Amino acid sequence: MRLLIKITAFFLLFTTFSVHADHPDISIKGLSTELHDNVLAFLSLVQEDCQSPRWRINKLFAKAENQIKKALRALGYYQPIIKKKLIFKNHCWKAIFDIEVGKPVRVTHLTVLIKGEAEKEPAFKKLLTNLPIKKGDILNHALYEKIKQNLQSLALETGFLQNRMVKKILKVNPEKATASIELIMESGAQHHFGNIIIDQDILTSEFIQRYITFKAGDNYSTDKLAETYNALADSVYFSGVEIKPQIDETENSCVAVKIHLTPAKRHDYSIGLGYDTDIGPLGSIGYKNRRLNRQGHHAFLDLDISPVRSSVEANYMIPFSEPRYDYVSLGLGYRDEQPDTFRSQAAKLSLQYLHHYQNGWKQILFFDVIRETFSIDKEFQQTTFLLVPGVRWQNTKSNHPRRPTQGYSFDLSLASSPESTLSDVNFIQATTTAKLVTPLPWYARFITRTQLGITLTDNFDRLPASYRFYAGGIDTIRGYGYKKLGPTNNRGHVIGGRMLSVASVEYEQFITDSWGIASFVDAGKAYNTNNFTIKLGAGVGIRWVSPIGPIRLDFAVPLNDSDDSFQIHFAAGVQL
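1. Quick word on unusual backbone geometry
Then, in step 1: Phi angles above zero are rare outside glycine, and N90 is one such case at about 55 degrees.
Then, in step 2: Along the chain, N90 turns up in the loop between β2 (81-89) and β3 (92-100).
Then, in step 3: You will see that A177, though not glycine, has its phi angle at about 60 degrees, which is positive.
Then, in step 4: Tracing the sequence through the fold places A177 in the loop between β5 (164-173) and β6 (178-186).

Pasting the structure below:
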């Protein structure tokens, strides 16, 4: 334990040194946070370090006053008084700026008008009501530009393609600290969508129309064009999408739209090799058929092989009337899993209905038919047949696809199996997993994770291994072997539990753009109501954002009794 603390302290000390060493001191006094940040954004000196040549620092320091004035003018301060000093000392340098911002320029006259057909449109009335600048506000040049951009963007979005700004005047009187704004836009006539011409021959035109979010006669909208492009590009069928509105050939304010679709390869194959510390060497083979017919049906086959867990799964996907959001899936799979605590062989036939909500949530209604042969403690083998209906909700949001610094994921599943002539066990099970990534200063992030599960059944001995809860391994509690934590029988062998509670906290600090370190603590256990004792694991790790994706290598020790003194965990993929 002492060794772990020392290693963690060393990593954090090294990180702090790496982040803060060799940086000059730039002191800016007399400004609010907003003004201070804007000045820093304009100052060229900020890009220099202690190793920069003295002549360059002097040159940039001479330019600093004009850069500061420009930064302050952008936020309405036209007459600042700036005192500055540059000091070279101890192989580095320090720049001091003492600033009196003076009286701010305020908007004393504001006129924003829309003339033409757009004048009566609700969207434009709302825009004029909620202008980012009001009379009496301090002048902000960025907000002035935003008003112009918002007017022209909304005009294009709503079909006013011939709009023009007939007047755009900003007058500033620095001595009187006043500003006058006058903006007038002529909207012109509103345009509509004309004929929609689709160039493709792999799917029925009726099926393609389900992806088109507008029809002839609708008001022209760039948002609708973008929505249609994204829908087609995100589908499995096309490798290229071109949408060309024929604006130059407009007739009677109608704009024809040509859509050219390049088909993706019908057959797609993949093969992979990897290693997972929980299940050992891993080989995978994948096959995807993107077009089984002209109605958009497609299928995929995945095979994963490892010493501990192997599986094969085939799925047949049938799109519904809204193929962007709705699918029916028919699945057939087989899984063989044999960690140290159990052996399981399960065959599954599955029917699923998948619905993607536009707010990012995904709902999956499923009905599984399962035949599982399993042995707990590797002695008594039994076979269970189950009919399992259920529902799952999932949602993930992040600010970056490979290394998010902010985001979350949530997964909630409810399943049950009523005992009958076709189902051997009566149970109800609920599981949830949630992860939260929070940004921290100095290119760091804080990762929290929780997993909860509960099973209600009156015949636990007949419950298959795949529906029992186990803990241990990189996805639950690091420092312990894969699925080695849980309630035990009278011989001391782990048999799995009715409940699961896991919580994890992790601090991750990147030193370069690609390399980082981490420290973490995991806690929890799989248990029954009469034997809940928390198991703790802690450790440090290395993070690498590789060309093929994020890679994690963790060194963890158990903080409670365990058969192992430490564990090395390796995994790849985004942590959300």
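2. Some words on the pattern of salt bridges
Then, in step 1: A complete count under the given rule lists 24 salt bridges for this structure.
Then, in step 2: Residue E145 is joined to K148 by a salt bridge in which the shortest nitrogen-to-oxygen separation is 3.2 Å. Note that E145 and K148 are positioned in helix α5 (residues 141-157) at a spacing of three residues, about one turn of the helix.
Then, in step 3: Look at K148 and you get buried, because its relative accessible area is 15%.
Then, in step 4: When the shortest N-O distance is used, the salt bridge between E508 and R445 registers 2.5 Å. Of the two residues, E508 is situated in strand β21 (residues 499-510) and R445 in strand β20 (residues 444-457); the sequence distance between them amounts to 63 residues.
Then, in step 5: Via salt bridges that share partners, R403, R445, R449, R478, E506, E508, D522, R543 and D554 belong to a single interconnected network.

3. Quick word on the sheet that holds β3
Whenever strands of a sheet pair, they do so through backbone hydrogen bonds, lying parallel or antiparallel.
Then, in step 1: Within the open sheet, the three strands sit side by side as β1-β3-β2. Their pairing is mixed. The two strands at the open ends of the sheet, each matched to only one other strand, are β1 (25-29) and β2. Neighbour to neighbour, the strand axes of the sheet diverge by 10 degrees on average, direction disregarded.
Then, in step 2: Looking at chain direction, β1 and β3 are connected through five bridges and run parallel. Paired with I28 across the two strands is F97, which belongs to β3.
Then, in step 3: Along the sheet, helix α3 (residues 54-73) makes contact with β2 and β3, crossing β2 at roughly 160 degrees.

4. Concerning the packing of helix α2 (residues 33-42) against α3
Then, in step 1: For the pair α2 and α3, the least separation of the axes is 8 Å and the interaxial angle reads 135 degrees. In terms of orientation, α2 lies oblique with respect to α3. Our pair here, α2 against α3, has a crossing hand that is right-handed. Of the residues in α3, those in contact with L35, N38, V39 and F42 of α2 are Q67, I68, K70, A71 and L72.
Then, in step 2: For the contact of α2 with α3, the per-class residue count stands at six nonpolar, two polar and one charged.

Thresholds applied
- Residues numbered from 1 in each chain as written.
- Predicted model: local features only at pLDDT ≥ 70, side-chain atom pairs only at ≥ 80, totals over all residues.
- Heavy atoms only, no water.
- Helix = DSSP H or I, 4+ residues; strand = E, 2+ residues; numbered from the N terminus.
- Salt bridge = Lys/Arg side-chain N within 4 Å of Asp/Glu carboxyl O.
- Buried < 20%, exposed > 50% of the residue type's maximum accessible area, 1.4 Å probe, protein only.
- Pairing = 2+ DSSP bridges.
- Axes fitted to C-alpha atoms, helices over the stretch in contact; angles between N-to-C directions.
- Contact = heavy atoms within 4.5 Å.
- Parallel < 35°, antiparallel > 145°, perpendicular 65-115°, else oblique.
- Left-handed = near helix turned anticlockwise from the far one by under 90°.
- Nonpolar A, V, L, I, M, F, W, Y, C, P; charged D, E, K, R; others polar.

Coordinates in, geometry out; function isn't part of it.
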